[in-house]
Amino acid sequence: MSVTLVHSGARLWSINALAEEFGIDRRTVKRRLEGIPPAGETNGYPAWRLRDVAVAVMGPQVASPLGIDPDALPPSERLNHYRAEREKARWLEEQRFQIPMAEVEQVVATAFKSLASALDTLPDVLERDCALRPEEVERAISVIDGAREGLYQQLLEVCSSLGEAGYEDC
């Protein structure tokens, strides 16, 4: 890499030197430098001050507060973005920071089945082990049915709020 000093003391960078410094293809650097006049020459080739071309070569490095829109990226960068996101999701799943939806659904379904089974058998247990009279058992069944209906309504509300947030499988 050849770097030349100009009279102001600033270093001049050729297209090849800029490409090497920023780690991008020289054709990309050349395309991004179109319209920016060189500040001098190195070994007979046009050269630029780094401060004059850094933003043009790399683009503004200010992060948007809402992140980036991957669909607005050029195809190769969009592909790299989605590959990175897929790898991040795999890593999160491997580390158990993120749990697959099917596994969560299975655990929740098993828990609700166990709860329903326990609630179904509760009146029989109360009658047999607590010696409740038939009218007391009927009252227990009524209370249990009310509790089940309340849980069901809460589950529907949660599913509805998840549906509004973009989760359609509930």
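What you see is a predicted model, and the numbers here were worked out from it, not measured in a lab. (Residues numbered from 1 in each chain as written. Predicted model: local features only at pLDDT ≥ 70, side-chain atom pairs only at ≥ 80, totals over all residues. Heavy atoms only, no water.)

Peer 1: Please explain helix α4 (residues 75-94) as it appears in this structure.
Peer 2: Each α-helix winds once per 3.6 residues, and so residues spaced three or four apart point in a common direction. The terminal C-alpha atoms of α4, which comprises 20 residues, lie 28 Å apart, in line with the 28 Å expected from a rise of 1.5 Å per residue. After α4 finishes, the residue R96 shows a positive phi value of roughly 65°. (Helix = DSSP H or I, 4+ residues; strand = E, 2+ residues; numbered from the N terminus. Expected span 1.5 Å × (residues − 1).)

Peer 1: What should I look at first to understand the confidence of the model for the protein in this one?
Peer 2: Low pLDDT marks regions whose predicted coordinates should not be analysed in detail. The share of residues in the protein with pLDDT of 70 or more is 87%, and the mean pLDDT across the chain is 85. Predicted confidence for residues 3-7 stays below pLDDT 50, and this span has 10 contacts to residues more than four positions away or in other chains. (pLDDT = per-residue confidence, 0-100. Contact = heavy atoms within 4.5 Å.)

Peer 1: Even after reading the chapter, I still don't get a nonpolar patch on the surface, so can you show me in this structure?
Peer 2: Taken together, I99, V104, V108, F112, L115, L151 and L155 make up a surface patch of nonpolar side chains, about 510 Å² in accessible area. With respect to the helices, strands and loops of the structure, F112 is situated in helix α5 (residues 101-129). (Patch = residues over 30% accessible without salt bridge, like charges linked within 9 Å, V, L, I, M, F, W, Y side chains within 5 Å. Areas by Shrake-Rupley, 256 points an atom, 1.4 Å probe, with all protein chains shown as cover. Salt bridge = Lys/Arg side-chain N within 4 Å of Asp/Glu carboxyl O.)

Peer 1: How do you make sense of the pattern of salt bridges when you look at a structure like this?
Peer 2: Oppositely charged side chains can form a pair if their charged atoms are brought close together. According to the stated counting rule, one finds nine salt bridges in the structure shown. Among the salt bridges present, the one from R27 reaches D25, with a minimum N-O distance of 2.8 Å. Overall, R27 belongs to the exposed group, its relative accessible area being 60%. Given the relative accessible area of 34%, D25 is considered partly exposed. E103 is paired through a salt bridge with R96; the nearest N and O atoms lie 2.5 Å apart. Here the residues in one salt-bridge network are R49, R51 and D52, joined through shared partners. (Buried < 20%, exposed > 50% of the residue type's maximum accessible area, 1.4 Å probe, protein only.)

Peer 1: What's the story with the nonpolar core in this structure? I'm lost.
Peer 2: When a protein is soluble and globular, its nonpolar side chains tend to lie buried together. Of all hydrophobic cores here, the largest spans 10 residues; its members are W13, I15, A17, L18, A19, V29, L33, W48, V53 and V57. Among the elements of the structure, α1 (15-22) and α3 (50-58) are those that each provide at least two residues to this core. Sort the elements by how many residues they give to this core and α1 lands first, with four residues. (Core = buried A, V, L, I, M, F, W, Y, C linked by side-chain atoms within 4.5 Å.)

Peer 1: What should I look at first to understand the packing of aromatic side chains in this one?
Peer 2: The geometry of two aromatic rings is summed up by the distance between their centres and the angle between their planes. For the structure on display, the rule yields one aromatic pair. On the basis of an interplanar angle of 35° and a centroid distance of 5.7 Å, the ring pair of W91 and F97 is categorised as tilted. Judged by its relative accessible area of 45%, W91 falls in the partly exposed class. Overall, the relative accessible area of 61% leaves F97 in the exposed class. (Phe/Tyr/Trp six-rings, centres within 6.5 Å; stacked < 30°, edge-to-face > 60°.)

Peer 1: Help me understand the packing of α5 against helix α6 (residues 134-164), please; the structure alone is not making it clear to me.
Peer 2: Two elements in contact, α5 and α6, have axes separated by 9 Å at closest approach and are oriented at 170°. It follows that α5 is roughly antiparallel to α6 by the angle criterion. Crossing of α5 against α6: the hand is right-handed. Residue-level contacts link F112, L115, A116, L119, D120, L122, P123, L126 and E127 of α5 to V137, A140, I141, I144, R148, L151 and L155 of α6. (Axes fitted to C-alpha atoms, helices over the stretch in contact; angles between N-to-C directions. Parallel < 35°, antiparallel > 145°, perpendicular 65-115°, else oblique. Left-handed = near helix turned anticlockwise from the far one by under 90°.)

Peer 1: Teacher, can you tell me more about α6 here?
Peer 2: The end-to-end C-alpha separation of α6 is 45 Å, in line with the 45 Å expected for 31 residues at 1.5 Å each. Within α6, burial applies to V137, A140, I144 and C159. Where the residues of α6 are buried, they touch α5.

Peer 1: What is the right way to read the environment of W48 from this model?
Peer 2: On the secondary structure map, W48 appears in strand β4 (residues 45-49). As for W48 and S14, which are separated by 34 residues in sequence, their C-alpha atoms are 6.6 Å apart. With residues up to four places along the chain from it excluded, the contact list for W48 reads R11, L12, W13, I15, L18, L33, I36, P37, P38, A39 and V53. Separated by 3.4 Å, the side chain of W48 and the backbone oxygen of P37 make a polar contact. (Polar contact = N/O pair within 3.5 Å; in protein donor to acceptor, adjacent residues only side chain to side chain.)

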